[in-house]
Amino acid sequence: MMSFPILYHTDGCHLCEQAQVLLRQCHVSYRRVDIMSDEILIASFGTRIPVLQNEQGQYLDWPFDDLTIKQFLSPNESE
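Residues numbered from 1 in each chain as written. Predicted model: local features only at pLDDT ≥ 70, side-chain atom pairs only at ≥ 80, totals over all residues. Heavy atoms only, no water.

1. A few points about the packing of aromatic side chains
Okay, step 1: Evaluation of the coordinates by the stated rule reveals 4 aromatic pairs.
Okay, step 2: Taken together, a centroid distance of 4.3 Å and an interplanar angle of 15° make the contact between Tyr8 and Phe45 stacked. Residue Tyr8 is found in strand β1 (residues 6-9), and its partner Phe45 is found in helix α2 (residues 39-45); the two are separated by 37 residues along the sequence.
Okay, step 3: Over the ring of Tyr59 we find Arg48; its NZ or CZ atom is 5.7 Å from the centre of that ring. (Phe/Tyr/Trp six-rings, centres within 6.5 Å; stacked < 30°, edge-to-face > 60°. Helix = DSSP H or I, 4+ residues; strand = E, 2+ residues; numbered from the N terminus. Lys NZ or Arg CZ within 6 Å of the ring centre and 35° of its normal.)

In structure tokens form, the structure reads like this:
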């Protein structure tokens, strides 16, 4: 089971850098996975990054904001 959400990214991607800043501002601990390390990841996420994956295995494509992140990572939490 995953302990942290995963951010699929690649180095030099300005949108990925924006997503990382946003996740830090939201105090979200996450694991980064560079898609360039795996052909399957490149095929899956090459045109979609940055992509956030939650512990349930669901994906959130960019663009996302602080509210979207909170809802995505806490789907069972009522407001």
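Now that the structure has been shown, we can carry on.
2. Here we look at the side chain of Gln20
Okay, step 1: Within the fold, Gln20 resides in helix α1 (residues 14-25).
Okay, step 2: Among the polar contacts made by the side chain of Gln20, one reaches the side chain of Arg32 at a distance of 2.9 Å.
Okay, step 3: Those residues in contact with Gln20, other than ones at most four positions away along the chain, are Leu7, His9, Tyr30 and Arg32. (Polar contact = N/O pair within 3.5 Å; in protein donor to acceptor, adjacent residues only side chain to side chain. Contact = heavy atoms within 4.5 Å.)

3. Here's the deal with the nonpolar core
Okay, step 1: Counting residues in each nonpolar core, the largest one holds 11 residues, listed as Leu7, Ala19, Leu22, Leu23, Val28, Tyr30, Leu52, Leu60, Phe64, Ile69 and Phe72.
Okay, step 2: Among the secondary structure elements, those contributing two or more residues to this core are α1 and α3 (66-73).
Okay, step 3: The element contributing the most residues to this core is α1, with 3 residues. (Core = buried A, V, L, I, M, F, W, Y, C linked by side-chain atoms within 4.5 Å. Buried < 20%, exposed > 50% of the residue type's maximum accessible area, 1.4 Å probe, protein only.)

4. Examining the environment of Asp66
Okay, step 1: Structurally, the position occupied by Asp66 is in helix α3.
Okay, step 2: As for Asp66 and Cys26, which are separated by 40 residues in sequence, their C-alpha atoms are 6.4 Å apart.
Okay, step 3: Discounting residues that sit within four places of it in the chain, Asp66 has contacts with Leu22 and Cys26.

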